[in-house]
Amino acid sequence: MTTTPSKLVDTDRGRFPEFSSEKRYEMLIGDDWVSSTTGETFRCFDPFDDVEWGYFPVAGEREVAEAVAAARTAFKSWSTTRATERAAILMRWADLIRENVELLARLQVHENGKTITEMRGASGALPATAEYFAQLALGPVGLTIEPGMPRHEAWTLRQPLGVVAAIAPWNNPLGLLSWKLFPALAAGNTVVVKPSEVTPASTLLLARLGREAGLPPGTINVVTGAGSTGAALVDSPGIDKIAFTGSTATGARIAQSAAPRFLRTTLELGGKGAQIVFPDADLDAATSSLVHGMVAGTGQACNAGSRLLVHDDVYGDVVELLRGKLADVKIGDPLDPSSLVGPVASRAQYEKVTGYLDIARAEGCELLFGGRRSEEIDGIQSGRFVEPTLYATPNPSSRIRREEIFGPVGGVIRFRDDDEAMKIANETTYGLVAGLWTRDLSRAHRLARQLESGVVWINTWRAFSTNVPFGGVKSSGLGREIGPDALHEYTETKSIWLGL
Ligand code: NAD
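As the structure is a computational prediction, the values presented were derived from the model and not from experiment. (Residues numbered from 1 in each chain as written. Predicted model: local features only at pLDDT ≥ 70, side-chain atom pairs only at ≥ 80, totals over all residues. Heavy atoms only, no water.)

1. Concerning the packing of aromatic side chains
Cut-off, in case you're wondering: Each Phe, Tyr or Trp ring (for Trp, its six-membered ring) is paired with any other whose centre lies within 6.5 Å, and the angle between the two planes then decides the class: stacked below 30 degrees, edge-to-face above 60, tilted in between. Only runs of H or I of at least four residues qualify as helices and only runs of E of at least two qualify as strands under DSSP, and these elements are numbered from the N terminus. Relative accessibility decides the category of a residue: with a 1.4 Å probe and only protein chains considered, values under 20% of the type maximum give buried, values over 50% give exposed, and everything between is partly exposed. Geometrically, a charge over a ring is one whose NZ (Lys) or CZ (Arg) sits within 6 Å of the ring centre while staying within 35 degrees of the ring normal.
The full count for this structure, using the stated rule, is 15 aromatic pairs. Taken together, a centroid distance of 5.4 Å and an interplanar angle of 80° make the contact between Trp170 and Phe406 edge-to-face. With Trp170 in the loop between strand E8 (163-167) and helix H6 (173-186) and Phe406 in the loop between helix H13 (399-402) and strand E18 (409-415), the pair connects residues that are 236 residues apart, well separated along the chain. For Trp170, a relative accessible area of 13% corresponds to the buried category. Owing to a relative accessible area of 14%, Phe406 belongs among the buried residues under this scheme. Ring pairs connect the aromatic residues Trp179, Trp457, Trp461, Phe464 and Phe470, which therefore count as one cluster. Here the guanidinium or amino end of Arg208 rests over the ring plane of Trp33, the centre of that ring lying 4.2 Å away. Over the ring of Tyr490 we find Lys241; its NZ or CZ atom is 4.6 Å from the centre of that ring.

2. Let's talk about the layout of surface pockets
This is how the line gets drawn: Here a cavity denotes a set of grid points, spaced 1 Å apart and computed over the protein atoms alone, in which a 1.4 Å probe fits but from which it cannot get out, and a pocket denotes an open set meeting protein on both sides within 12 Å along at least five of seven lines; residues with an atom within 4 Å of a point are reported as lining. Grid points are joined across faces, edges and corners, and a volume is the space filled by probe spheres set on the points. Classification used: nonpolar for Ala, Val, Leu, Ile, Met, Phe, Trp, Tyr, Cys and Pro, charged for Asp, Glu, Lys and Arg, polar for all others including Gly. Domain delimitation follows an automatic or database domain assignment.
Computed from the structure, the largest pocket encloses a volume of approximately 880 Å³. Taken together, 36 residues line the largest pocket, and the ones lying closest to its centre are Phe244, Thr245, Gly246, Ser247 and Thr250. Those elements that place two or more of their residues in the lining of the largest pocket are helix H8 (227-235), strand E11 (241-245), helix H9 (248-258) and helix H12 (347-363). Looking at the lining of the largest pocket residue by residue, the class counts come to 16 nonpolar, 13 polar and seven charged. Of the pockets and cavities examined, the second largest pocket occupies roughly 760 Å³. The two domains that each donate at least three residues to the lining of the second largest pocket are domain 1 (27-269 + 476-496) and domain 2 (274-466).

3. Thoughts on the site of the ligand
Basically, it comes down to this: Residue proximity to a molecule or strand is established when one non-hydrogen atom of the residue lies within 4 Å of it. The term polar contact refers here to a pair of N or O atoms within 3.5 Å; inside protein, the definition further demands a hydrogen-donor-capable atom paired with an acceptor-capable atom, and it admits residues adjacent in sequence only when both atoms are side-chain atoms. Per-residue and other accessible areas were derived by the Shrake-Rupley procedure at a 1.4 Å probe size, with only the shown protein chains allowed to occlude residues. Cavities and pockets are treated as containing a molecule whenever more than half of the molecule's atoms lie within 2 Å of their grid points.
Inspection of the region around the ligand gives 31 residues, with Lys194, Glu197, Ser247, Leu269 and Glu404 positioned closest. Within the contact set of the ligand, an oxygen atom lies 2.6 Å away from a side-chain nitrogen or oxygen of Lys194. With respect to the ligand, the side chain of Ser247 contributes an N or O atom lying 2.7 Å from an oxygen atom. In isolation the ligand exposes 840 Å². Once the protein is present, 89% of that is buried. Counting atoms within 2 Å of the grid points, the majority share of the ligand lands in the largest pocket. Mapped by element, the contributors of at least two residues to the shell around the ligand are H8, E11 and H9. Among the elements that take part in the shell around the ligand, H8 stands out by supplying four residues, more than any other. The class makeup of the residues in the shell around the ligand is 16 nonpolar, 10 polar and five charged. Here the shell around the ligand spans two domains, since at least three of its residues come from each of domain 1 (27-269 + 476-496) and domain 2 (274-466).

4. Details of the domain arrangement of the protein chain
Stated formally: Whether two residues touch is decided by their heavy atoms; if any such pair falls within 4.5 Å, the residues are in contact. A 1.4 Å probe defines the accessible area here, and the buried area is the portion of it lost by two parts on being joined, summed over both. The term salt bridge refers to a pairing of a side-chain nitrogen on Lys or Arg with a carboxyl oxygen on Asp or Glu at a separation within 4 Å.
Its domain assignment divides the protein chain into domain 1 (27-269 + 476-496) and domain 2 (274-466). Across the boundary between the two partners, domain 1 contributes 29 residues, which contact 32 residues of domain 2. When domain 1 packs against domain 2, the two sides together hide about 2300 Å² of surface, and 59% of this comes from carbon and sulfur. Three residues, Phe48, Trp170 and Ser476, lead the burial of domain 1 against domain 2; their summed loss comes to 26% of the area buried on that side. Where domain 1 meets domain 2, there are two salt bridges. Its salt-bridge partner being Arg384, residue Asp50 comes within 2.8 Å of it at the nearest N-O pair. For the side of domain 1 that touches domain 2, the secondary-structure elements that each account for two or more residues are helix H3 (101-112), helix H4 (116-124) and helix H5 (126-137). A total of four residues in the side of domain 1 that touches domain 2 trace back to one element, the largest contributor, which is H3. Looking at side-chain class alone, the side of domain 1 that touches domain 2 contains 12 nonpolar, nine polar and eight charged residues.

5. A closer look at the nonpolar core
Generally speaking, soluble globular proteins have nonpolar side chains that are buried together. Defined as follows: Buried Ala, Val, Leu, Ile, Met, Phe, Trp, Tyr and Cys residues form a nonpolar core when they are joined through side-chain atoms within 4.5 Å.
Core analysis: the largest hydrophobic core is formed by 67 residues, its most contacted members being Trp93 and Leu181. In terms of residues, this core owes the most to one element, H6, which gives nine residues. Shared between two domains, this core holds at least three residues of each, these being domain 1 (27-269 + 476-496) and domain 2 (274-466). Leu290, Val314, Ile331 and Leu390 belong to the second largest nonpolar core, which has 30 residues in total.

6. What to know about the sheet that holds strand E6 (residues 144-145)
So the rule is basically this: At least two bridges found by DSSP between two strands are what make those strands a pair.
Taken together, three strands build an open sheet; the order of strands is E6-E7-E22 and the sheet is antiparallel. Bordering the open sheet on either side are E6 and strand E22 (491-499), each of which pairs with just one other strand. Of the pairings in the sheet, the one linking E6 to strand E7 (residues 152-160) comprises two bridges and is antiparallel in character. Along E7, the bridge assignment pairs Ile145 with Ala154.

7. Topic: the pairing of strand E12 (residues 264-268)
Heads up, the rule is: By convention, orient the strands away from the viewer: a clockwise path from the first strand over the helix to the second makes the crossover right-handed.
Most of E12 is tucked away: four of the five residues are buried. For the handedness criterion, the β-α-β arrangement of E11, H9 and E12 is classed as right-handed. In this structure, E12 lies alongside strand E21 (residues 477-478), joined through two bridges in antiparallel fashion. Its bridge partner lying in E21, Glu268 is registered against Gly477.

8. What to know about helix H10 (residues 283-295)
This is how the line gets drawn: Residue count minus one, scaled by 1.5 Å, sets the expected span of a helix.
Over its 13 residues, H10 extends 18 Å from the first C-alpha to the last, a length consistent with the 18 Å expected when each residue adds 1.5 Å. Where H10 is concerned, the buried positions are Leu283, Ala286, Thr287, Ser289, Leu290, Val291, Gly293, Met294 and Val295. Those residues of H10 that are buried lie in contact with strand E13 (274-277), strand E14 (307-311), helix H11 (315-327), strand E17 (389-392), E18 and strand E19 (433-437). Here H10 starts with a cap whose side-chain oxygen sits 3.2 Å from the backbone nitrogen of Asp284, and that cap is Asp282. Gly297 sits one or two positions beyond H10 and adopts a positive phi of about 70°.

9. Some words on the pattern of salt bridges
Scanning all chains against the criterion turns up 32 salt bridges. Between Asp312 and Arg414 there is a salt bridge whose closest N-O contact spans 2.8 Å. Here Asp312, found in the loop between E14 and H11, pairs with Arg414, found in strand E18; they are 102 residues apart in sequence, far enough to count as distant. Using a relative accessible area of 30% as the deciding quantity, one classes Asp312 as partly exposed. Owing to a relative accessible area of 44%, Arg414 belongs among the partly exposed residues under this scheme. Through salt bridges with shared partners, a single ionic network connects Arg15, Asp46, Asp49 and Asp333.

Written out as structure tokens, the structure is:
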């Protein structure tokens, strides 16, 4: 067992002067920036120093109904607006986002405590995503089909669905929202967004830029609030599609609400990614990637690789390499570009992650590295920090091994051969991402097919492109976001026959 401390970065205060004047925020319904009719608000706190920095309206059923009605009204004209015009507005939005990338990145760091490096990357990708969907909007909207019947012609039309409820989590607020917002609007739908209660301000700023770019009133609406606001939106009779990213538990509730109405859903849910290391791998590259995959974003990523499957022959070497690299991970102020691990985003999440450290102790998991929380980490005077932590998790029923922790905590599991690796990798109910480290390409191809996972990375981790689909299987969700078919998630095919 080791408790070698990770390197710590000094803390710093007074960090967001650009946001200090704005405290009371309003949400966007139709053409208006409004408060809640009840006057009820909720507060946001910076996870680094726990400073309360903003008040937001709680949207109740009334505000949600108004937002859905505004979107319904706007749908009539937006769905018949020429694709070239919709694309031009998305392109202008992309330009405005590009001008404000740093502001959007810093605002998200203020909200969720993710590192500035990660949030710059996520914000920097937004314009390309908007432009990608602007281009797709200009593509074909149907097929002409030879029906094989005399004196008949047939063709298809892909038409927008109507009002899309887009519900996002806090861990990558704008990136994950952009995968819903841009395709939905590009295809001619209108949208009611419900951002996470941890990260509402960045979404409001993104929507403001969209209105400045020329989105007509009601095409984008933002209602703020916690789960009850989300539930009111999901249960609203006026919506036609739910695009959700968040936990599997909330996704299941949403699926239950949607089922009797046969509503279309895209559900991007939790994960428990396996990173699998074979003896022929480049162990130095693999272990660097394993550490990054496990702790980057403070492990608060659906695509975290929190199960580290290591072949028996290299287990000892890999664990030693992991310990060394975990000791080099910088924990500290998320505004410091050298920090890889910042604070955990919210009090509730901190309780959850540290609760798993207690569970690991109670389960008797062997601690291989870390295990300390804020008050125990030298040099950390503020925030809710959890040290990158690695356990040995040989017991398949261990909760550390089975459950999504959503923090910088991972478990190492030994395997003896390919079959056992696949058995362990697929033992989880989740199926979002998985990775293979091997130089044997025939093994890589074979096992990539066997992994029950929406995404497989071979000798890499967390490679992303707007051109490549993303999504899960099993309890990691339904449907795919981004990629060439993503507009199909926001359109329905109509077949039209003509008798000649
Ligand atoms: P969460 O499910 O608690 O909340 C997500 C969103 O749903 C928030 O906006 C929340 O207010 C809202 N919500 C809560 N209850 C609701 C209800 N009953 N009806 C409608 N909306 C409701 O998840 P979270 O803690 O914000 O995010 C973390 C989770 O998201 C993790 O499980 C993570 O794996 C998952 N996630 C998945 C992906 C992916 O692409 N698959 C990406 C990022 C995060």
